[in-house]
Amino acid sequence: MTAPGSREALDRAVRLAVFRAAAETARVPAPADITAALGISPEDVEASLHRLAEERVLVLAPGPSTRIWMANPFSAVPTAHRAFIDGRTYWGNCIWDVLGIPPALHADAEIATACGDCGMEIRLRVAGGELVEGEGIVHYGVPAARWWDNIGYT
């Protein structure tokens, strides 16, 4: 087990491993991937993931799990919100998240999403850190102050 004094360093290493893998591969890593990448015990990775979830750095899958569901702006599961960057498909949990992926990666992107009302596909293009093609209205059905009441629904 990791000594309590090194928890901050461990959590930082786990957090960086998660976001680095998501950025480089377009996939959020599983706990076993983090264990292998960092050469630390599964128990330490699991404890760190739980702490990071408590701090809202990431979201674990519902139920008793250490599987990462969201490492915002990246989604660990396929969604209707996709950013196409350098031959990779990144998923976001919502339009807000998927629009955050290009600037997080300092990259241009084609964005595909769906209208939450009618399901029609919406295409956007981000270049140079700006939306350069596409338009629409973003609707938030839950006030921002209540997003973490049920972040999966939000």
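Not measured: the values here are computed from a predicted model. (Residues numbered from 1 in each chain as written. Predicted model: local features only at pLDDT ≥ 70, side-chain atom pairs only at ≥ 80, totals over all residues. Heavy atoms only, no water.)

Caption draft 1: Structural context of helix H2 (residues 31-38). Within the sequence span of H2, burial applies to Pro 31, Ile 34 and Thr 35. The arc that holds every buried residue of H2, seen down its axis, measures 100°, which confines them to one face. Residues Ala 32, Ala 36 and Ala 37 are exposed on H2 and point more than 90 degrees away from its buried face. Buried residues belonging to H2 abut helix H1 (7-25), helix H3 (42-54) and strand S2 (68-71). Looking one or two residues beyond H2, the residue adopting positive phi is Gly 39, at roughly 65°. (Buried < 20%, exposed > 50% of the residue type's maximum accessible area, 1.4 Å probe, protein only. Helix = DSSP H or I, 4+ residues; strand = E, 2+ residues; numbered from the N terminus. Arc of directions from axis to C-beta. Contact = heavy atoms within 4.5 Å.)

Caption draft 2: Structural context of the nonpolar core. Counting residues in hydrophobic clusters, the biggest one holds 27 residues, and the most contacted among them are Ile 34, Leu 49, Ile 68 and Ile 111. Of all the elements, H1 adds the most residues to this core, at five residues. Once you skip the residues sitting within four places of it in the chain, Leu 49 turns out to touch Val 14, Pro 31, Ile 34, Leu 58, Leu 60, Thr 66 and Ile 68. (Core = buried A, V, L, I, M, F, W, Y, C linked by side-chain atoms within 4.5 Å.)

Caption draft 3: Structural view of the side chain of Thr 113. Checked against the element boundaries, Thr 113 lands in strand S6 (residues 109-114). By relative accessible area, which is 6% here, Thr 113 ends up buried. For Thr 113, the side chain forms a polar contact with the side chain of His 81, separated by 2.5 Å. Beyond its immediate sequence surroundings of up to four residues, Thr 113 is in contact with Ala 80, His 81, Ile 95, Met 120, Glu 121 and Ile 122. (Polar contact = N/O pair within 3.5 Å; in protein donor to acceptor, adjacent residues only side chain to side chain.)

Caption draft 4: Representation of the sheet that holds S2 in the model. Reading across the sheet, the three strands line up as S1-S2-S3 and stay open at both edges, with antiparallel pairing between neighbours. Looking at strand neighbours, the two that pair on one side only are strand S1 (59-60) and strand S3 (74-75), the edges of this open sheet. For S2 and S3, the ladder comprises two bridges, and the chain directions are antiparallel. Counted as the bridge partner of Met 70 is Ser 75 from S3. (Pairing = 2+ DSSP bridges.)

Caption draft 5: Seen up close, the state of the cysteines. Counted by the stated rule, this structure contains zero disulfides. Of all cysteine sulfurs in the structure, the one in Cys 118 sits closest to Cys 115, which takes part in no disulfide; the separation is 3.7 Å. Exposure remark for Cys 115: the relative accessible area of 25% places this residue in the partly exposed category. (Disulfide = S-S within 2.5 Å.)

Caption draft 6: Highlighting the sheet that holds strand S8 (residues 130-133). Spatial ordering of the open sheet is given by S5-S4-S6-S7-S8, a layout of five strands whose pairing is antiparallel. The outermost strands of the open sheet, each flanked by one partner alone, are strand S5 (88-92) and S8. Taken over all neighbouring pairs, the strand axes of this sheet differ in orientation by 30° on average, direction set aside. (Axes fitted to C-alpha atoms, helices over the stretch in contact; angles between N-to-C directions.)

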